[in-house]
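Structural description and commentary
Spelled out from the first residue to the last, the chains are:
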Amino acid sequence: QDHRGRFAVIALVGKLSWASKRGAMSDVTDCCVLVCGGGNAAQVAAGLFATRYKTIAVSFFADEAERWKNALGDDTFELTVEGAAVSKILSKPADITNDPKVAEMADVIILAVPSFAHG
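A short tour of the structure in this document, coming up.

Calculation notes
Residues numbered from 1 in each chain as written. Predicted model: local features only at pLDDT ≥ 70, side-chain atom pairs only at ≥ 80, totals over all residues. Heavy atoms only, no water. Salt bridge = Lys/Arg side-chain N within 4 Å of Asp/Glu carboxyl O. Helix = DSSP H or I, 4+ residues; strand = E, 2+ residues; numbered from the N terminus. Core = buried A, V, L, I, M, F, W, Y, C linked by side-chain atoms within 4.5 Å. Buried < 20%, exposed > 50% of the residue type's maximum accessible area, 1.4 Å probe, protein only. Contact = heavy atoms within 4.5 Å. Phe/Tyr/Trp six-rings, centres within 6.5 Å; stacked < 30°, edge-to-face > 60°. Pairing = 2+ DSSP bridges.

**Quick look at the pattern of salt bridges**
Considering all chains together, one arrives at four salt bridges under this definition. Note that Arg67 and Glu64 form a salt bridge whose closest N and O atoms lie 2.8 Å from each other. Taken as a pair, Arg67 and Glu64 lie in helix H2 (residues 64-72) at a separation of three residues, close to a single helical turn. Each of the salt bridges in this network shares a partner with another, and the network as a whole consists of Asp63, Glu64 and Arg67.

Here it is in C-alpha cells:
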C-alpha cells in the first residue's frame, strides 16, 4: 500500500509509571513531552500538547528548528480547530531546538514525521 503523504504519530512512553529519575511527579502537568518533527503535524501536536504539558519541539531537518523558533519569536501559537467546542487554542512550546540532548528531559516522545521517515 502506498503511504506517501500520510503521517504517523507514535507515542513512546519512556517510563511506565509517573515516577521518573527526577522523583515522583506531583501532577501530570509535570510531564515533559518531546515532539519530533518540523512539519505541519509536529507544529500542531506541539501546539496542542503545550496547552497542558511542558512541550519541547525538536527538528533535525536542515535549519527547520531555527526558522520555526525565529518565526514564532515571543508570540504564541494560535491553532484554529473548526467545528470543535474550543475553536481557538493559544499555546507555546517551552523550546524549539535541533539539540538531541533534550530527549533526556522527555517523559513522552512523539514522532510526528512522514511515514517514510520512521521505517
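There is more to say, and it comes next.
**Examining the nonpolar core**
Inside soluble globular proteins, nonpolar side chains tend to come together where they are buried. Ranked by size, the top nonpolar core spans 15 residues in total, and within it Val33, Val35, Ala46, Trp68, Ile96 and Ile110 carry the most contacts. Among the elements of the structure, strand S4 (32-36), helix H1 (40-49), H2 and strand S9 (108-114) are those that each provide at least two residues to this core. Within the second largest apolar cluster, seven residues are counted, among which are Cys32, Cys36, Ile56 and Val102.

**A closer look at H1**
Burial in H1 covers these residues: Ala42, Ala45, Ala46 and Gly47. Of the surrounding secondary structure, the elements contacted by the buried residues of H1 are S4, strand S5 (54-58), H2, strand S6 (77-80), strand S7 (88-91) and S9.

**A look at the packing of aromatic side chains**
In this structure the tally under the stated criterion is two aromatic pairs. Centre to centre, the rings of Phe49 and Tyr53 are 6.4 Å apart; their planes meet at 45 degrees, and the pair counts as tilted. We classify Tyr53 as partly exposed; its relative accessible area is 26%. With 6.1 Å between their ring centres and 35 degrees between their planes, Trp68 and Phe77 make a pair best called tilted. As far as burial versus exposure is concerned, Trp68 and Phe77 are alike and both buried.

**A closer look at the pairing of S6**
What you see with S6 is a clean split: Phe77 and Leu79 sit on the buried side and Glu78 and Thr80 on the side with no burial. As paired elements, S6 and S7 share four bridges and run antiparallel to each other. The residue of S7 that forms the bridge with Phe77 is Ser91.

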